[in-house]
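Each chain is listed here by its residues.
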Amino acid sequence: MKLMAHGGVGSPRELDRHVRMAVEKGCSDPVDALEAVVGVVSELEDDPVFNAGTGSRMRLDGSIQMDAAVMFRGNMGAVGGIERVRNPVRVAAEVYKGPYVFLVGGGARRFARGMGFVSYDTSTEKRREELLEMQEKISNDEELRRMYHMVDGGDTVGCVASLGGEYAAAVSTGGTSYCIRGRIGDSPLVGCGFYAGEHGAVVTTGKGEEIIKNIAAYRCYEYMKEYGISGACQKVVEDFPKGISVGVIAVGEEGTASASSKEMSQWSL
Ligand code: ASP
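Read on for an overview of the structure. (Residues numbered from 1 in each chain as written. Predicted model: local features only at pLDDT ≥ 70, side-chain atom pairs only at ≥ 80, totals over all residues. Heavy atoms only, no water.)

### Remarks on helix 1 (residues 16–26)
Turning to helix 1, its buried residues number three or more, namely D16, H18, V19, A22, V23 and G26. One side of helix 1 holds all its buried residues, which, seen down the axis, span an arc of 165 degrees. Opposite the buried face of helix 1, by more than 90 degrees, sit the exposed residues R17 and K25. Contacts made by the buried residues of helix 1 are with strand 1 (2–9), helix 2 (33–46) and strand 11 (264–268). (Buried < 20%, exposed > 50% of the residue type's maximum accessible area, 1.4 Å probe, protein only. Helix = DSSP H or I, 4+ residues; strand = E, 2+ residues; numbered from the N terminus. Arc of directions from axis to C-beta. Contact = heavy atoms within 4.5 Å.)

### Some words on helix 3 (residues 88–95)
Given 3.6 residues per helical turn, the α-helix brings residues three or four places apart onto the same face. The element helix 3 is largely enclosed, with a buried count of six among its eight residues. Of the residues making up helix 3, those classed as buried are P88, V89, V91, A92, A93 and V95. Close packing links the buried residues of helix 3 with helix 2, strand 2 (66–72), strand 3 (75–82), strand 4 (102–104), helix 4 (105–114) and strand 6 (166–173).

### Here's the deal with the sheet that holds strand 10 (residues 255–260)
One open sheet holds the four strands; their spatial order is 7-8-9-10, and the pairing between them is antiparallel. On the outer flanks of this sheet lie strand 7 (194–196) and strand 10, each paired with one strand and no other. On average, each strand axis in the sheet is inclined to that of its neighbour by 10 degrees, with strand direction left out of account. One ladder, built from six bridges, connects strand 9 (residues 246–252) with strand 10; its direction is antiparallel. Bridging from a neighbouring strand, V251 pairs with T256 of strand 10. Sheet strands touched by helix 8 (residues 216–238): strand 7, strand 8 (200–206), strand 9 and strand 10. Its angle to strand 9, the strand with the most contacts, is close to 75 degrees. (Pairing = 2+ DSSP bridges. Axes fitted to C-alpha atoms, helices over the stretch in contact; angles between N-to-C directions.)

### Focus on the side chain of N87
Its place among the elements puts N87 in the loop between strand 3 and helix 3. Take N87: its relative accessible area is 9%, and that puts it in the buried class. If sequence neighbours within four positions are ignored, N87 has contacts with S42, E45, D46 and F117.

### Concerning the pattern of salt bridges
One side chain can pair with another of opposite charge once the charged atoms of both are near each other. Summed over all chains, the structure comprises 15 salt bridges. The salt bridge involving R13 is made with D16; its shortest N-O contact spans 3.0 Å. In this structure, the salt-bridge partner of D239 is R219, at a minimum N-O distance of 3.0 Å. Of this pair, D239 sits in the loop between helix 8 and strand 9 while R219 sits in helix 8; the two residues are 20 residues apart in sequence, bridging distant segments of the chain. (Salt bridge = Lys/Arg side-chain N within 4 Å of Asp/Glu carboxyl O.)

Dropping the structure here:
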């Protein structure tokens, strides 16, 4: 098996050991690449240092809405803006079973409850304090509007794996800071936050709005055919204007690779 996981663009390399622990705990003897990536991303979601599952960033109104997705064997499952579930990636893996591919908001949450996912509060003391600090800085509507334009990525999690000649991708995030309720980023959008096909798998992290416009995960997948896996990761990051946070990890026939505009915690097998 080849596998790589990341803890989000902007997350310090000191967090590599957290990513490593998630990799070690999350994928002992998986039956296929999908089970491996879902296992690892679930562990990363449970670690409060990352912006996914427990420890997800709060929205400007104090709510927590999470996005997650999986892709494997030409099929995908995704959830957008889901609330009060412990492991959004496991809900995405349920969606993957069909007949739908993407569920959002209250409908996604009801689906999760129907599938046995109990209500779970993913907020943490640290995130509540961060939100209060930010809210104290906003004293008028103009400042609030300026905040809308300050969205930036960070600490989202993702994993790619190959096993038995098949490739899988999984991603999970609490979104950017500080975005409004209802905002969906790149993470649950196929070809933007993730892609897995016959030649490899890719997961991205960073400023979702820019990643969506670049269709970054699919571009990286296509670049792999021309530039090889390391070249493809490098090229897709270089395609973004300077100053935009973006990171990518990929797995292909040659192995795993990553590239990012800033520090990005990661671990590979
Ligand atoms: N890409 C994620 C989003 O825009 C954030 C991140 O990667 O940190 O929702």
